[in-house]
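As a plain string of letters, each chain reads:
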Amino acid sequence: MDAEYLKKCIGKCLAEGLAEIAELRPEDPIIYLAYWIYKYKKNLTEEEKRTLERTQLEREREEALTELEMIEKLKAEELLIAQKIKQQHQPNNQGQEFLTSSLRHSMTEFAKQCPAKTIAELTEKYGAPNLPTVIELDESTLNGVSILPNNIHRPRSTNHLLQNSPKELQ
């Protein structure tokens, strides 16, 4: 029974270690065999880790491939749906253009008829500010044109300050 246990647990390891000792003939074979057995165990655990990592990588690769296939199927389905929508909207395209142009026309007419209201008029709340409507101007079209009202003066240049300043600051 003890022989079976030893044969099962350390038989292969011990046989390989003793074969190497017989081949190399070290000065202290007992210490050499002890280090060889430690190295053998370390190599076994490293090999087990590598096989576990390899199987995990293979599993992750398979999952990535199935996910990639799913994404490709979804893209193909999305293209198919987009084509169907495009085909459905082609006959109605002229009708849509008519509707959008008539909608634009009716909106401009409505805007002309209704005066611009202030926030206070729109909200009808007590204490809401009664501010006038602000018209924004496009700055790219105002090359050199002053947008300040006549009663607001531009600040003078700072040249008069430099003339009166000490010599060190100039």
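Everything numeric in this text was worked out from a predicted model, so none of it was measured.

Undergrad: Please explain the overall build of the protein chain as it appears in this structure.
TA: Along its length, the protein chain carries 5 helices and 0 strands. Secondary structure elements in the protein chain, listed N-terminal to C-terminal, are α-α-α-α-α. Among the 170 residues that make up the protein chain, the fraction classed as buried is 5%. Taking the intrachain contacts of the protein chain between residues at least 6 apart in sequence as the baseline, contacts between residues at least 24 apart amount to 12%. Here the protein chain has roughly 16,800 Å² of accessible surface; of this, 58% comes from carbon and sulfur atoms.

Undergrad: Got a minute to help me understand the confidence of the model for the protein chain in this structure?
TA: One rule of thumb: low pLDDT means the predicted coordinates there are not for detailed reading. Mean pLDDT over the protein chain: 76, with 54% of residues reaching 70 or higher. Confidence scores differ between elements of the protein chain, with helix 5 (residues 159-163) showing the lowest mean pLDDT of 52 and helix 2 (residues 29-89) the highest of 92.

Undergrad: Hey, could you run me through the UniProt feature "coiled-coil region" (unreviewed entry) in the protein chain in this one?
TA: Look at the UniProt record and you will see "coiled-coil region" (unreviewed entry) annotated at residues 45-77. Here residues 45-77 runs as 100% helix and 0% strand, with 48 Å between its end C-alpha atoms.

Undergrad: I keep staring at the packing of aromatic side chains and nothing clicks. Help me out?
TA: Note on aromatic pairs: each is described by the distance of the centres and the angle between the planes. Applying the stated criterion to the full structure yields 1 aromatic pair. Here the aromatic rings of Trp 36 and Tyr 40 are separated by 5.3 Å at their centres, their planes lie at 20°, and the arrangement is stacked. In this pair, Trp 36 and Tyr 40 both sit in helix 2, 4 residues apart, roughly one turn of the helix. Classification of Trp 36 as buried rests on a relative accessible area of 15%. You can call Tyr 40 buried: its relative accessible area is 17%.

Undergrad: Looking at this structure, how should I read helix 1 (residues 2-24)?
TA: Side chains of residues three or four places apart in an α-helix project in the same direction, reflecting 3.6 residues per turn. Of all the bends in helix 1, the largest measures some 70° and sits at Ile 10. Considering only its buried residues, helix 1 is in contact with helix 2.

Undergrad: So what exactly am I meant to see when it comes to helix 2 here?
TA: Helix length check: helix 2, at 61 residues, gives a terminal C-alpha distance of 88 Å against a target of 90 Å (1.5 Å per residue), a fit within 8%. Elements in contact with the buried residues of helix 2: helix 1.

Procedures and definitions
- Residues numbered from 1 in each chain as written.
- Predicted model: local features only at pLDDT ≥ 70, side-chain atom pairs only at ≥ 80, totals over all residues.
- Heavy atoms only, no water.
- Helix = DSSP H or I, 4+ residues; strand = E, 2+ residues; numbered from the N terminus.
- Buried < 20%, exposed > 50% of the residue type's maximum accessible area, 1.4 Å probe, protein only.
- Contact = heavy atoms within 4.5 Å.
- Areas by Shrake-Rupley, 256 points an atom, 1.4 Å probe, with all protein chains shown as cover.
- pLDDT = per-residue confidence, 0-100.
- UniProt positions renumbered as here; feature names shortened; annotations may be inferred.
- Phe/Tyr/Trp six-rings, centres within 6.5 Å; stacked < 30°, edge-to-face > 60°.
- Bend = angle between axes of the 7 residues up to and from the residue.
- Expected span 1.5 Å × (residues − 1).

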